[in-house]
Amino acid sequence: MSKTNLRIAAIAAIGALALSACGNGGGDGGSEDGLKIGIKFDQPGLGLKDGNNYTGMDVEVAKKVAEGLGVSADKITWVQAPSPQREQLLKTGQVDMIVATYSITDKRKEEVSFAGPYFVAGQSLLVGADSDITGLDDSLDGKLVCSVAGSTSAQKIKDEIPGVELQEYNTYSECATQVANGTLDVLTTDDTILAGYAAQDAYKGKLKLAGDTFSEELYGIGLPKGSDRCEKINEVVTKMWEDGSMEKIIGDTLGPAEFQYNQELNPPTAGGNC
């Protein structure tokens, strides 16, 4: 081989090593390419897209997790993650993780891994301001109840009230609009989500929460099955509660809705779901 060819081969080998080093950031650390994180785009106080701005508790949690993995906020690509599509988004590699009021369940753990939980919420009811429904104990016979297809909330209300007339939509915002205008009677999902809608300017004086919570929803960070980032993220989540970051996030994002989280259930113990 000529000296010229030897030099070309050496340069190619060095270039290949450099590319390999840059691309090998998908383990416990970050990546020069950033992270694709699935969130909700339509949940006030949790995950809301307004132009190019993304706000809410889940958004801020995702930023903290990314920081713990060595990825700055400006290298996050936000991806809409509707409830029925979350497992598929992870399994097909369209996102690296999902932080979107994603309740940890045994069924879901068959398909994906979870870090966390980072928060424990509870299912409740949202009704029109003039509704006489005060909670789950009231008869919901003949009432039109709305939730999101594929959500644990939809399944839970079916289990609690087998004869419920459940309307399943793609997003909670569709449900909230229908309840506010009187087309539907009840929106049921986590109290965090409901509080966010009730506090929105568009719904002030039109919606209210009804009754106590009737479930425990362990919010996890969804990951591809067997992800080697899982334990590192658990460390980040634990630190967020220990250093006060999580309480500040809750206050900044859900405080305007006068939301009070259940201190008997929070902080949760992160781990055991990887």
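Let me begin by describing the structure that accompanies this report. Keep in mind that what you see is a predicted model, and the values were worked out from it rather than measured. (Residues numbered from 1 in each chain as written. Predicted model: local features only at pLDDT ≥ 70, side-chain atom pairs only at ≥ 80, totals over all residues. Heavy atoms only, no water.)

**Topic: the environment of Tyr169**
Next, step 1: If you trace the backbone, Tyr169 turns up in strand E10 (residues 165-169).
Next, step 2: Tyr169 sits 19 residues away from Gly150 along the chain, and the two C-alpha atoms are 9.5 Å apart.
Next, step 3: Every residue in contact with Tyr169, bar those within four places of it in the chain, is listed here: Cys146, Ser147, Val148, Ala149, Glu174, Cys175, Gln178 and Leu184. (Helix = DSSP H or I, 4+ residues; strand = E, 2+ residues; numbered from the N terminus. Contact = heavy atoms within 4.5 Å.)

**Some details on the pairing of strand E13 (residues 217-224)**
Next, step 1: Of all 8 residues in E13, 6 are buried, a share of seventy percent or more.
Next, step 2: Bridge analysis of strand E7 (residues 112-121) against E13 gives 7 bridges, and the strand direction is antiparallel. Of the residues in E13, the one forming a bridge with Ala121 is Glu217. (Buried < 20%, exposed > 50% of the residue type's maximum accessible area, 1.4 Å probe, protein only. Pairing = 2+ DSSP bridges.)

**Structural notes on the pattern of salt bridges**
If the charged atoms of two oppositely charged side chains come close together, the side chains can form a pair.
Next, step 1: Taken as a whole, this structure holds 8 salt bridges when the rule is applied.
Next, step 2: A salt bridge links Lys204 to Asp201; its shortest N-O distance comes to 3.4 Å.
Next, step 3: Residue classification places Asp201 among the exposed residues on the basis of a relative accessible area of 65%. (Salt bridge = Lys/Arg side-chain N within 4 Å of Asp/Glu carboxyl O.)

**Observations regarding the sheet that holds E13**
Next, step 1: With mixed pairing, 5 strands are arranged side by side in an open sheet as E5-E1-E6-E13-E7. In the strand order of this sheet, the two ends are held by strand E5 (76-80) and E7, each with one partner. Taking the axes of each pair of neighbouring strands and ignoring which way they run, one obtains an average angle of 25° across the sheet.
Next, step 2: Those strands touched by helix H7 (residues 191-199) are strand E6 (97-103), E7 and E13, and its axis lies near 60° from that of E7. (Axes fitted to C-alpha atoms, helices over the stretch in contact; angles between N-to-C directions.)

**Some words on the state of the cysteines**
Next, step 1: Per the counting criterion, the structure on display carries 2 disulfides.
Next, step 2: Across the disulfide, Cys146 is cross-linked to Cys175 (sulfur-sulfur distance 2.0 Å). Taking the sign of the S-S torsion, -60° for the link of Cys146 and Cys175, the bridge is left-handed. In this pair, Cys146 sits in strand E9 (residues 144-148) while Cys175 sits in helix H6 (residues 172-180), placing the two residues 29 residues apart along the sequence.
Next, step 3: A relative accessible area of 0% means that Cys146 is categorised as buried.
Next, step 4: Paired through a disulfide, Cys230 and Cys274 show a sulfur-sulfur distance of 2.0 Å. Between Cys230 and Cys274, the disulfide has an S-S torsion of -85° and is therefore left-handed. Taken together, the residues Cys230 in helix H8 (residues 230-242) and Cys274 in the segment after helix H9 (245-254) connect sequence positions 44 residues apart.
Next, step 5: On the accessibility criterion, Cys230 (1% relative accessible area) is buried.
Next, step 6: With its disulfide-bonded cysteines labelled consecutively along the sequence, the chain is connected as 1-2, 3-4. (Disulfide = S-S within 2.5 Å.)

**Structural notes on the environment of Asn52**
Next, step 1: Summarising the element assignment, Asn52 is placed in the loop between strand E3 (47-50) and strand E4 (53-55).
Next, step 2: For the pair Asn52 and Trp78, spaced 26 residues apart in the sequence, the C-alpha separation amounts to 10.0 Å.

**Concerning unusual backbone geometry**
Next, step 1: Cis geometry is adopted by the peptide bond preceding Pro117, which originates at Gly116 and carries an omega value of 10°.
Next, step 2: The phi dihedral of Thr101 is positive, around 40°, even though this residue is not glycine.
Next, step 3: In this fold, Thr101 is placed in strand E6.
Next, step 4: Residue Thr101 is classed as buried on the basis of its relative accessible area of 6%.

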